[in-house]
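# A structural walkthrough
If you want the building blocks of each chain, they are given just below.
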Amino acid sequence: MNDAFLTLAKLGVVPVVEIADASTAVALADALTAGGLPALEVTLRTPAALDAIRAIAEARPDVLVGAGTLLDAGMLDQAVAAGARFLVSPGLTPSLGDAARASGLPFIPGAVTASEAMAAIDAGFNVLKFFPAAASGGPAAISALAAPLGGAGVRFMPTGGIRANTLQDYLDIPAVIAVGGTWIADTASINSQDWDGITARARALTNNDHS
Ligand code: 3PG
């Protein structure tokens, strides 16, 4: 596994964040780091997302900052230019796969069916985002999917609808490399700069080593 995947596996939990104001990005990264989670996936769902990634990458090189919600090759290239160190998409298209391979960065495309997972593996990706996790059958669906695909070395990063009270059900699955979610640093907490609350939620989640 590459360094980014090793770090995600070691942390076990990846905060997925939506940042409205890039000037809060470094403080957010610091709040997560103080809670023992020096990694985050910044979703490209706000105009500030790329500047937020750039700010964290420049000011906090020890924080593993990734980019999520990459829907096409153009978004992926912008995320790479901003300094993202891992790349996440809810799905996979041929052009997105080509751009990801060209970037040389770890890429986690989305897959929730056997055919989608097989297509991703065929394209050279074996860490897959299982999204939307809860709505797609949750832990039972991941375990069932992992059974025939385990031999291909596939690992899943479930996100979507996972909260503190369902986290452990996902972490118990050996094929899960890490679990992602917005509940750790939710948009309201980021916007109100509730760094202590974010640090506390991060701290409650550490010791989930899944490597
Ligand atoms: C994602 O992009 O990974 C999801 O939107 C996270 O879903 P959540 O808000 O239910 O955690």
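Preceding this paragraph is the structure being described.
My aim in this report is to walk through the structure given alongside it, one point at a time. (Residues numbered from 1 in each chain as written. Predicted model: local features only at pLDDT ≥ 70, side-chain atom pairs only at ≥ 80, totals over all residues. Heavy atoms only, no water.)

What follows is about the overall build of the protein. Across its full length, the protein holds ten helices and eight strands. The C-alpha radius of gyration computed for the protein amounts to 16 Å, which stays within 12% of the reference 17 Å derived for 211 residues, consistent with globular compactness. Taking the principal axes of its C-alpha atoms as reference, the protein extends roughly 45 × 35 × 30 Å. Per-residue burial for the protein yields a buried fraction of 50% across its 211 residues. As displayed, the protein has an accessible area near 8,500 Å², and 54% of this comes from carbon and sulfur atoms. Within the protein, the 19 negative side-chain charges are centred at a point lying 3 Å from the centre of the 11 positive side-chain charges. (Helix = DSSP H or I, 4+ residues; strand = E, 2+ residues; numbered from the N terminus. Rg over C-alpha atoms; globule rule 2.2 N^0.38 Å. Buried < 20%, exposed > 50% of the residue type's maximum accessible area, 1.4 Å probe, protein only. Areas by Shrake-Rupley, 256 points an atom, 1.4 Å probe, with all protein chains shown as cover. Lys, Arg positive; Asp, Glu negative; His and termini not counted. Charge placed at Lys NZ, Arg CZ, Asp CG, Glu CD.)

A few words now on the environment of L171. Take L171: it is sitting in helix α8 (residues 167-171). Taking relative accessible area as the criterion, L171 reaches 6% and is therefore assigned buried. With 158 residues separating them along the chain, L171 and V13 place their C-alpha atoms 8.8 Å apart.

This part covers the site of the ligand. The local shell around the ligand consists of V16, R45, K129, F131, T159, G160, G161, R163, G181 and T182. The contact in question runs from an oxygen atom of the ligand to an N or O atom on the side chain of R163, over 3.2 Å. Residue T182 places a side-chain N or O atom 2.5 Å away from an oxygen atom belonging to the ligand. In the complex, 86% of the free accessible area of the ligand, which totals 310 Å², lies under the protein chains. Counted by class, the shell around the ligand contains two nonpolar, five polar and three charged residues. (Near = heavy atom within 4 Å. Polar contact = N/O pair within 3.5 Å; in protein donor to acceptor, adjacent residues only side chain to side chain. Nonpolar A, V, L, I, M, F, W, Y, C, P; charged D, E, K, R; others polar.)

Quick look at the nonpolar core now. Ranked by size, the top nonpolar core spans 75 residues in total, and within it L8, L28, L40, V42 and F156 carry the most contacts. If we ignore the near neighbours within four places in the chain, the residues touching V42 are V17, I19, A49, A52, I53, V65, G66, A67 and G68. (Core = buried A, V, L, I, M, F, W, Y, C linked by side-chain atoms within 4.5 Å. Contact = heavy atoms within 4.5 Å.)

Time to look at the packing of helix α3 (residues 49-59) against helix α4 (residues 73-82). When two helices pack together, their arrangement is given by the angle between the helix axes and the distance between those axes. In contact at an axis separation of 8 Å, α3 and α4 are set at 30 degrees when each is read in the N-to-C sense. In terms of orientation, α3 lies roughly parallel with respect to α4. Note that α3 runs across α4; the crossing there is right-handed. Between α3 and α4, the residues in contact are L50, I53, R54 and A57 and Q78, A79 and A82, respectively. For the contact of α3 with α4, a count of residues per class yields five nonpolar, one polar and one charged. (Axes fitted to C-alpha atoms, helices over the stretch in contact; angles between N-to-C directions. Parallel < 35°, antiparallel > 145°, perpendicular 65-115°, else oblique. Left-handed = near helix turned anticlockwise from the far one by under 90°.)

A few words on the sheet that holds strand β1 (residues 13-17). Read across the sheet, six strands follow the order β5-β4-β3-β2-β1-β8 without closing on themselves; strand pairing throughout is parallel. Whereas interior strands pair on both sides, the edge strands pair on one side only; in this sheet they are β5 (107-108) and β8 (179-181). Bridge count between strand β3 (residues 64-68) and strand β4 (residues 86-88): two bridges; the pairing is parallel. Within β4, the residue paired with A67 across the bridge is L87. (Pairing = 2+ DSSP bridges.)

A word on the side chain of T69. Within the secondary structure, T69 sits in the loop between β3 and α4. Under the relative-accessibility criterion, T69 is labelled buried at 13%. Filtering out sequence-adjacent residues up to four positions away, T69 remains in contact with E41, T43, L44, R45, M75, V88 and P90.

Among all positions of helix α5 (residues 94-103), only L96, G97, A99 and A100 are buried. Seen along its axis, α5 keeps its buried residues to an arc of 165 degrees; they face one direction. Exposed residues lying more than 90 degrees from the buried face of α5 are P94 and A102. Here the buried face of α5 lies against α4 and β5. Following α5 by one or two positions, G104 has its phi on the positive side, about 75 degrees. (Arc of directions from axis to C-beta.)

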